[in-house]
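# A closer look at the structure
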Amino acid sequence: LAMALAAKEDFFREKARVLDPFCGAGTMLIERTRAGKTGEMFGLDILSEAIDAARENTELADCKVNYIQRDFFTFTMEQRFDEIVTDMPFSVSEQEEKKQAVEKLYRDFFEKVPEHLADDGRMLLYTHNKELIRRYAKSSLWTIKEFELSMKEKSYLMLLWRR
């Protein structure tokens, strides 16, 4: 659904270099290839089990993605990406320390994004914390469009553009 909505908004770039910094089982990158032609694609995750699952899923989907077991916050690459697509980490806990950990992750994420997202780059973020995106993305990214995907789950799709 996220990719279909973004495609309807003419959001994607043909032959874009794409990064998923929290790739999990690779679903977002697989779906991104179905939304339009891409260039080189990279998926990062800190868990080896996630990378193994992503590789298997990507092979089954007959896609090509470079997966790296690495923490986004320590990842470096010389060339920047045209697009970042990801399902942002979240916590359903109401415990204050977990809420603060998620907020720190979002703050750190948006501080790191300029190292990886090209000027005029795009971001597709599936999130349960749209207010954190609004708060921390505002200095370097414009929100193009927001979609409420589920009122019950409080999930959103945020499409952003790097000015």
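Everything numeric in this text was worked out from a predicted model, so none of it was measured.

Once that is clear, we can look at the packing of aromatic side chains. If you walk through the whole model with that rule in mind, you get 9 aromatic pairs. Ring plane angle 75° and centroid distance 5.4 Å describe the contact between Phe 72 and Phe 73, whose orientation is recorded as edge-to-face. Look at Phe 73 and you get partly exposed, because its relative accessible area is 27%. Taken together, the ring pairs in this structure connect Phe 22, Phe 72, Phe 73, Phe 109 and Phe 110 into an aromatic cluster. Seen from the ring of Phe 81, Arg 17 lies directly overhead, with NZ or CZ sitting 4.5 Å from the centre. Sitting over the ring of Phe 11, Arg 122 keeps its end group 5.6 Å from the ring centre.

Bringing the nonpolar core into the picture now. Nonpolar side chains in soluble globular proteins tend to end up buried together. Phe 109, Phe 110, Met 123 and Leu 125 are the most contacted members of the largest nonpolar core, which totals 24 residues. When contributions to this core are tallied by element, the ones reaching two or more residues are β2 (38–45), β4 (81–87), α4 (96–116), β5 (117–127), α5 (130–137) and β7 (155–162). If you tally residues by element for this core, the top one is α4, at 5 residues. Apart from residues lying up to four places away in sequence, Phe 109 is in contact with Pro 21, Phe 22, Phe 72, Phe 73, Ile 84, Met 88, Met 123 and Leu 125.

Right, let's get into the sheet that holds strand β3 (residues 66–69). Here we have 7 strands laid out as an open sheet, ordered β3-β2-β1-β4-β5-β7-β6, and mixed in their pairing. The outermost strands of the open sheet, each flanked by one partner alone, are β3 and β6 (141–150). When strand polarity is set aside, the average angle formed by the axes of neighbouring strands in this sheet is 15°. Bridge count for β6 against β7 is 8 bridges, and the pairing is antiparallel. Residue pairing in the sheet places Glu 146 in a bridge with Met 158 of β7. Packing of helix α2 (residues 27–35) onto the sheet brings it into contact with β1 (16–20), β2, β3, β4 and β5, and relative to β2 it is tilted by some 170°. Running at roughly 15° to β7, α5 makes contact with β5, β6 and β7 of the sheet.

Calculation notes
Residues numbered from 1 in each chain as written. Predicted model: local features only at pLDDT ≥ 70, side-chain atom pairs only at ≥ 80, totals over all residues. Heavy atoms only, no water. Phe/Tyr/Trp six-rings, centres within 6.5 Å; stacked < 30°, edge-to-face > 60°. Buried < 20%, exposed > 50% of the residue type's maximum accessible area, 1.4 Å probe, protein only. Lys NZ or Arg CZ within 6 Å of the ring centre and 35° of its normal. Core = buried A, V, L, I, M, F, W, Y, C linked by side-chain atoms within 4.5 Å. Helix = DSSP H or I, 4+ residues; strand = E, 2+ residues; numbered from the N terminus. Contact = heavy atoms within 4.5 Å. Pairing = 2+ DSSP bridges. Axes fitted to C-alpha atoms, helices over the stretch in contact; angles between N-to-C directions.

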